[in-house]
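Observations on the model geometry
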Amino acid sequence: MLMNDADNHYYEPDDCFTRHIEAAYRDRTFWIDRSQPGKPGRMYLGKERCRFFSVAVGDNIGPPGIMKEFLRGTSDEGGNPSLSPINGLAVPEFVDKRARLAKMDEQGVERCLMLPTAGVGVEPQLREPAHREVLYPTVRAFNRWLEEDWGYGAE
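Now for a look at the structure at hand. Along each chain, the written sequence defines residue order, and numbers are assigned to residues from 1. A pLDDT threshold of at least 70 governs which residues receive local features in this predicted model, and a stricter bar of 80 or more applies before side-chain atom pairs are shown or counted, although totals over entire chains, interfaces and linings include all residues. Each side-chain value is worked out from all heavy atoms of the structure, with water and hydrogens disregarded.

**Topic: the overall build of the protein chain**
What the protein chain contains, in helices and strands, is six helices and five strands. Secondary structure follows DSSP: runs of H or I at least 4 residues long count as helices, runs of E at least 2 residues long count as strands, and numbering of each begins at the N terminus. When the helices and strands of the protein chain are read in sequence order from the N terminus, they spell out β-β-β-β-α-α-α-β-α-α-α. By principal-axis analysis of the C-alpha atoms, the protein chain measures approximately 50 × 40 × 25 Å. Throughout, exposure labels follow a simple rule: accessible area from a 1.4 Å probe, protein chains only, divided by the maximum for the residue type, with under 20% read as buried, over 50% as exposed, and the rest as partly exposed. Out of the 155 residues belonging to the protein chain, those deemed buried represent 37%. If you take every contact in the protein chain between residues at least 6 apart in sequence, the share linking residues at least 24 apart comes to 62%. In short, Shrake-Rupley with a 1.4 Å probe defines the accessible areas, and a residue's cover is counted only from the protein chains shown. When the accessible area of the protein chain is evaluated, it comes to approximately 9600 Å², of which 53% is carbon and sulfur surface. By the counting scheme adopted, Arg and Lys are positive, Glu and Asp are negative, and His together with the chain ends is not counted. Here the site of a charge means NZ on Lys, CZ on Arg, CG on Asp, or CD on Glu. For the protein chain, the separation between the mean place of its 20 positive charges and that of its 25 negative charges on side chains is 5 Å. Only heavy atoms matter for contacts: two residues are in contact if any of them lie within 4.5 Å across the pair.

As structure tokens, then:
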């Protein structure tokens with residue numbers, strides 16, 4: 001039996017907002033600071049810290065299956081499913097379309113809705129008057145990255 005999954009997520013690379021943005025907006029859009037070795041990246045909007053995410057989106061996530069254990073009360077996470085974080089960007093099916101499709105085949109998932117991670121948290125800060133000029137260029141650049149890495153249709 002094949003199933004549909006309406007809650008699939010991907011983790012965006014550090015350049016998902018900067019790879020395709022026009023040069024005039026590059027210094028004012030979202031970017032990841034990785035200047036502290038061994039520490040999670042910090043997300044910024046220009047010179048301002050991102051208020052929705054404290055660190056880069058793939059840097060501090062619970063391992064696959066932890067939410068199921070957490071919700072059943074069988075995890076050792078002490079009330080927090082991210083106490084033993086993994087690097088989500090290192091899990092191929094979290095960041096690569098072909099690896100995701102292979103995992104879906106393995107799990108019997110026929111189709112899914114793919115939801116962004118970083119992409120869902122940036123719009124409120126971009127709507128503020130100080131950042132409105134960069135809102136559309138940032139979303140446009142993100143959509144260009146999304147088309148390039150994941151595409152908008154079936155394989």
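**Remarks on the side chain of Asn8**
Its place among the elements puts Asn8 in strand S1 (residues 3-9). Any pair of nitrogen or oxygen atoms within 3.5 Å is treated as a polar contact; in protein, a donor-acceptor pairing is required on top of that, and neighbouring residues in sequence qualify only through side-chain atoms on both sides. At 2.7 Å, the side chain of Asn8 forms a polar contact with the side chain of Asp5. What Asn8 contacts, discounting residues up to four positions off in sequence, is Arg100, Cys112, Leu113, Met114 and Leu115.

**Concerning the nonpolar core**
By nonpolar core we mean a set of buried residues, namely Ala, Val, Leu, Ile, Met, Phe, Trp, Tyr and Cys, connected to one another through side-chain atoms within 4.5 Å. Among the nonpolar cores identified, the biggest contains 27 residues, and Phe17, Phe30, Met43, Leu126 and Trp145 are the most heavily contacted of them. Every element with two or more residues in this core is listed here: strand S2 (30-33), strand S3 (42-45) and helix H6 (132-149). When residues in this core are grouped by element, the largest group, six residues, is from H6. When near neighbours in sequence (up to four residues on either side) are disregarded, Phe17 contacts Thr29, Phe30, Met43, Ala118, Gly119, Val122, Thr138, Ala141 and Phe142.

**Describing the sheet that holds S2**
The pairing criterion for strands is at least two bridges between them, as found by DSSP. Here we have three strands laid out as an open sheet, ordered S2-S3-S4, and antiparallel in their pairing. In the strand order of this sheet, the two ends are held by S2 and strand S4 (48-49), each with one partner. In this sheet, S3 lies alongside S2 in antiparallel orientation, the contact comprising four bridges. Bridge assignment links Ile32 to a residue of S3, and that residue is Met43.

**Section: the environment of Trp31**
Mapped onto the elements, Trp31 comes out in strand S2. Take Trp31: its relative accessible area is 32%, and that puts it in the partly exposed class. When the C-alpha atoms of Trp31 and Asp14 are compared, they prove to be 6.7 Å apart, with 17 residues separating the residues in sequence. Other than its neighbours up to four places away in sequence, Trp31 contacts Thr18, Arg42, Met43, Tyr44 and Gly46. For Trp31, the side chain forms a polar contact with the main-chain oxygen of Gly46, separated by 2.6 Å.

**Considering the pattern of salt bridges**
Between Lys or Arg on one side and Asp or Glu on the other, a salt bridge is scored when a side-chain nitrogen of the former is within 4 Å of a carboxyl oxygen of the latter. Inspection of the entire model under this criterion finds 13 salt bridges. Between Arg28 and Glu133 there is a salt bridge, and its shortest N-O distance comes to 2.8 Å. Placement of Arg28 in the loop between S1 and S2 and of Glu133 in helix H6 is noted, with a sequence separation of 105 residues between them. Put simply, Lys103 and Glu93 hold a salt bridge, and the shortest N to O gap is 4.0 Å. With Lys103 in helix H3 (residues 97-107) and Glu93 in helix H2 (residues 92-95), this pair connects stretches of sequence that are ten residues apart. For Glu93, a relative accessible area of 19% corresponds to the buried category. Here the salt bridges share partners, and the residues they tie into one network are Asp15, Arg19, Glu148 and Asp149.

So yeah, pure geometry; function would need other evidence.
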